[in-house]
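Here are the chains, one letter per residue:
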Amino acid sequence: MMKRRKIISFIFAIALAVSIFAGYVPAARAEVTIDQTGTVNTPDTNLRAQPSVLSDVLVRMDRGAAVTVLEGSVGGWCKVMYQGYTGYVRSDFIDVMVTGLNDPGVIVSEAAMTSEPGDGAAIGTLAVETQVTITGSYGSYYQVNTQDKTGFVPMDCVHKKKIITLNMSATINASNVNLRSIPSTSGEIVACMKRGDKVMVHSLQDHWVKVDYQGRSGYVRGDFVTYSVSGDNYLTAMNVGMRGPAVSPLQVALRKKGFFHVAANGVYGKATRAAVKKFQQSVYLDADGIAGEQTLLLLFGKDAARIWNNFRTEMEPQKPQQNGRVWLIDWFDGMNKIMKRMTPFLVIDVRTGISWKMQRFGGYTALWHADVETVTKRDTEKMTEAWGGELNPTRRPVWVKYDGKYYAASLMGYVHNTGPTPNNGMDGQVCLHFRGSKIHSSGRLDEAHQACIMEAFYSADKLEAYISSGKV
Amino acid sequence: MRRYATWILFIGLALAVALAGCAKPADSPSVTGTPQPAETPTPIPTTAPDVTAAPADEEEGAVLADGWTYYLDEDETAVTDYGEDPRLCRKNESSVEDLGIRGFAFDVIGDYIYVDSRYPDLDDKGNQAWYTTRMSLDGSDKRRLEYASMSERLMAEDGQHFYFTTAGESAVFVADLACEKVTPLIVNLPDADELNKKLDADRELQLDIESIEGGRFKLSVTFVTPDGIQMYKGTYAMSLDGSAIEKKSGTYYDYKSLESALN
């Protein structure tokens, strides 16, 4: 199986994901070499003129055919020469020996090690949890090195640790957290960090992150860091029921990571929730299926807030719609006329069921959306509780109970400007949005608000549950 | 003549009585002296939405075929602790078999199983692509397909072939059940000139088959920047033979101001 090799110098062009997307950084390695001779592993393999399945087939190759590899895998295609033809073939269909790797791995299911890939003398059996170094590959086999043995094991018995570049600031979220020299609890302790300490996270490697802390570099368990949003941005969490242009980028990003495989239709439904959970599991976050701040940061990078930046200037008006008890009514020519000034109404937080009273007050700027304030200090306390203890600009889906009906809406927790009611614990106003409402500064829709409004509309079953349980 | 007139009168009276019985009573006026709030718009009910919160513990979909239940084994340590794709297994009343492949999704189509599996390495752009393996129902005769990052496989009504798209290619593929005879239907967008004028050339295409309705594909076309910012999203209807395509809707997004704001 192993043919005599002509070793050629072939340096992989290592492409780092630029700036905002987490990228792949292979471990430091010796010069990686690809054998110039490869073997076709699948019958009737197409050799194509261009690296595309839409390109013409030059010739079909039989299993076992020998090809000369001219260029290694780029975009999943290899450039090869076969019987005078030069063309492209899917890398999967060519077995070629790659050496010079130096990637950490661990055995995840008992593996028979052999001297040749899938053949040759039996060397031994590697137990689960055995740490290995991957030094090469051939077809669906890794060449691994462990203690005093070197041989081949099937790839699906090995977990190859992916190293994902992050370059994000973060905060230590627990006390007495050890910074270690290697990503292992057996590593030497370099420093001891306390809750609130700032670190710069360079990369994620399975359960560990590599960080810089006060001039020292080391590894800390990933669940001990909380990533920070850049600048003054706040991230609105994305949840089941949301619809809109901000959901599509989430789906596209999850697809690029290999977690989302159905149409990116802009609807946060079961498939998106499942994909978010899988992604969360892969980066060792709490897998709740809600794309919250930490999930969005790890998916999009430190500038994750951009997915909530304004996209649209207009939204097609529509007639009122109803889902259970919940109404979806446009702001312009709808809620703007229904909601009277200084008439208290109930606001119910969709995700927690916490409720409080608010009222809309007048003013020119109120035409874009509703400028509202809480009625009493107690109402401010309840609203703050819904925001997790501190009011901030994140948007949250809410229902507005006005005149006996429930309306889908979105509320932002950033207190600003003024409000007419003294002693209500809120020194200013916050913004309440409905379908199609806009923000003042740009006259555009706020996509986070619009997505929250849709979540509120499609969460009618939650409202029923809150009412049945007496919570509301 | 008089007799007929009598009958006509009788029938007319009977009809009048019947219609009077169907008349609704007049609305009662408010008897209170307090002003009533303005009436809200007349409600227009919709059908029940198809988006609801998923149950807390979902299982991967198991498939019953040929007397076996095919499923992905999520309980393995490799999956729970290391995030590897689960193994595809099958079981019946008397035995359990490991079919010798890991994957995150699978379809049973005709006499074949199609398994989607992630590559162990990220691609040269730092993204995760995946491959599809076709095999027999007993796990033998495994063969990787040429189409990477295959979309959901949609069956045709005749049950003789299925449709899919593949990453980066502007085509809908029609495959026989064995995926050996595959015909690409090139998707030539009717507004290609406009898209080329309004969007940067450096963009990535995501083509999805949302559904097959009324003898046509409903296609979703998304263009994103290399960083994943959405540039355009459109919906098109294409005939099943690919000969005709019509734009149904499309929205351009202001990705350039987003990019400049970030820079």
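Source: prediction; values computed, not measured.

A look at the pattern of salt bridges
- Applying the stated criterion to the full structure yields 33 salt bridges over all chains.
- In this structure, R87 of chain B and D156 of chain A form a salt bridge, with 3.4 Å as the shortest nitrogen-oxygen distance. Separated into two different chains, R87 of chain B in strand β3 (residues 87-91) and D156 of chain A in the loop between β15 (149-154) and β16 (158-160) make up a pair that spans both.
- Note that D330 of chain A and R435 of chain A form a salt bridge whose closest N and O atoms lie 2.7 Å from each other. With D330 of chain A in the loop between β25 (326-328) and α4 (331-338) and R435 of chain A in the loop between β31 (430-433) and α6 (447-457), the pair connects residues that are 105 residues apart, well separated along the chain.

What to know about the pairing of strand β10 (residues 98-107) of chain A
Residue and element names in this part refer to chain A.
- With respect to burial, β10 is a largely interior element, eight of its ten residues being buried.
- Where strand β2 (residues 33-34) meets β10, two bridges bridge the pair, whose relative direction is antiparallel. The residue of β10 that forms the bridge with T33 is T99.
- For β10 and strand β13 (residues 131-138), the ladder comprises six bridges, and the chain directions are antiparallel. Paired with T99 across the bridge in β13 is G136.
- For β10 and β16, the ladder comprises three bridges, and the chain directions are antiparallel. Across the sheet, the residue bridging to I107 is V158, located in β16.

Remarks on the interface of chain A and chain B
- Taken together, the contacts link 79 residues of chain A with 74 residues of chain B.
- Surface buried jointly by chain A and chain B totals about 6,500 Å² across both partners, of which 54% is contributed by carbon and sulfur atoms.
- Considering only the surface of chain A that becomes buried against chain B, L54, R255 and K256 of chain A emerge as the three largest contributors, covering 10% of it.
- Our enumeration of links across chain A and chain B arrives at six salt bridges.

Quick word on the confidence of the model for chain B
All names here are of chain B.
- Overall, the prediction assigns chain B a mean pLDDT of 78, with 74% of residues at 70 or greater.
- Mean pLDDT in chain B bottoms out at helix α1 (residues 2-22), which sits at 45, and peaks at strand β11 (residues 171-176), which reaches 96.
- Residue range residues 1-59 is modelled with pLDDT below 50. Its contacts to residues more than four positions away, or to other chains, number 36 contacts.
- Counting interchain partners and residues more than four positions distant, the pLDDT-below-50 stretch residues 259-263 has five contacts.
- At the level of chain-chain contacts, confidence expressed as ipTM amounts to 0.75, with global pTM at 0.74.

Parameters at a glance
- Residues numbered from 1 in each chain as written.
- Chains lettered and ligands numbered in written order.
- Predicted model: local features only at pLDDT ≥ 70, side-chain atom pairs only at ≥ 80, totals over all residues.
- Heavy atoms only, no water.
- Salt bridge = Lys/Arg side-chain N within 4 Å of Asp/Glu carboxyl O.
- Helix = DSSP H or I, 4+ residues; strand = E, 2+ residues; numbered from the N terminus.
- Buried < 20%, exposed > 50% of the residue type's maximum accessible area, 1.4 Å probe, protein only.
- Pairing = 2+ DSSP bridges.
- Contact = heavy atoms within 4.5 Å.
- Buried area = accessible area lost by both parts, 1.4 Å probe.
- pLDDT = per-residue confidence, 0-100.

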